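Spelled out from the first residue to the last, the chains are:
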Amino acid sequence: LGAGVDHILRKKIPENVNIIKLHDPDLSNQMAEYVLMSVLMCKRKYFQYSNNMMLKKWDQLTPKYNKDFRISILGYGNIAKLVVKNLKNLGFTLNVWGNTKRNPKNINYYFGKSQLNECIKNSSCLISLLPDTIHTADLIGLDEFKLLNNESYFINIGRGNTVNQKEMIYALKKNILTGAILDVFKNEPLDRKNELWTLKNILITPH
């Protein structure tokens, strides 16, 4: 359940077999907790402190106030709704983007490809909770990362296929992205030769 059912649905399933969608509250809580951990690590400058530690450098860094640490969330399913609730309770400024039009209350909501850039522009943190569909394949890439703040972070717990991995690596190496926390990848397990393993400004977890 934790890795999703995409690999199952790609198989040829007999027509007489019923497919039932379920919602596991515990799984949603675990994933929302992961996002909360990741956001706080980025906001509290984990990657900068980690680098300073390797250099034995004592340097106090000042984080932004929560309201000034703008977060854009891509996807608005059950998990995203819980993430939004948790982050709003901590006073973060949020934008939410979805592929379809909705009218959620008290949320800056954007929808459709034409509103994606407007949603993520000048954000400090971009969080992807997107599923793997024909509409989300390689949706996030260098152009989107360049729209973020000068100090910006990317968190992905949706699906690896939604991100152009080559362009993400380039953004991390060129400090277009300050850091990234990644739980999903195009190919899992992540190959030991993948360049992502060599980067110092990311955290990798095994989906």
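Up top is the structure.
Summarised in this report is the structure supplied together with it. Residue positions within a chain follow its written sequence, with the count starting from 1. Under the rules for a predicted model, residues below a pLDDT of 70 receive no local features and side-chain atom pairs below 80 are neither given nor counted, while totals for whole chains, interfaces and linings still include all residues. Water and hydrogen atoms were dropped before computing side-chain values, which therefore reflect all heavy atoms in the structure.

## Observations regarding the sheet that holds strand S5 (residues 153-156)
Backbone-to-backbone hydrogen bonds pair the strands of a sheet. The strands run either parallel or antiparallel. Note the cut-off: Note on pairing: two strands pair once DSSP finds at least 2 bridges between them. We count a stretch as a helix when DSSP gives it H or I for four or more residues in a row; a strand needs E for two or more, and each element gets its number in order from the N terminus. Here an axis means a line fitted to C-alpha atoms, over the contact stretch when the element is a helix, while the angle between two N-to-C directions is reported on a 0 to 180 degree scale. Only heavy atoms matter for contacts: two residues are in contact if any of them lie within 4.5 Å across the pair.
Strand order in this open sheet of seven strands is S3-S2-S1-S4-S5-S6-S7, and the pairing throughout is parallel. Among the strands making up the open sheet, the edge pair consists of strand S3 (108-111) and strand S7 (202-204). Each neighbouring strand pair of the sheet contributes to a mean axis angle of 15°, computed without reference to strand direction. As defined by bridge partners, strand S1 (residues 71-74) adjoins strand S4 (residues 125-128) across four bridges and the pair is classed as parallel. Note that in S4 the partner of Ile71 across the bridge is Cys125. Against the sheet, helix H2 (residues 25-43) makes contact with S1, S4, S5, strand S6 (179-182) and S7, and its axis sits at roughly 165° relative to S6, the strand it touches most.

## Things to note about the packing of aromatic side chains
Selection rule: For Phe, Tyr and Trp, rings pair up if their centres lie within 6.5 Å, where Trp contributes its six-membered ring, and each pair is then called stacked (planes under 30 degrees apart), edge-to-face (over 60) or tilted (otherwise). Each residue's exposure class comes from its accessible area (1.4 Å probe, protein chains only) as a fraction of the maximum for that residue type: buried when under 20%, exposed when over 50%, partly exposed otherwise. To sit over a ring, a charge needs its Lys NZ or Arg CZ within 6 Å of the ring centre and within 35 degrees of the ring normal.
Across all of its chains, the model carries six aromatic pairs by this definition. Consider the rings of Phe69 and Phe92, whose centres lie 6.1 Å apart with planes at 65°: the pair is edge-to-face. A residue pair is termed long-range when its members are at least 10 positions apart, and Phe69 in the loop between helix H3 (46-54) and S1 and Phe92 in the loop between helix H4 (78-89) and strand S2 (94-98) qualify at 23 residues. Measuring from ring centre to ring centre gives 6.3 Å for Phe69 and Tyr153, while their planes differ by 35°; the resulting arrangement is tilted. Of the two residues, Phe69 sits in the loop between H3 and S1 while Tyr153 sits in strand S5, which places them 84 residues apart along the sequence. When sorted by exposure, Phe69 lands in the same class as Tyr153, which is buried. Clustering of aromatic rings is evident, with ring pairs tying together Tyr46, Phe47, Phe69, Phe92 and Tyr153. The ring of Tyr76 carries Lys81 above its face, with NZ or CZ at 5.5 Å from the centroid.

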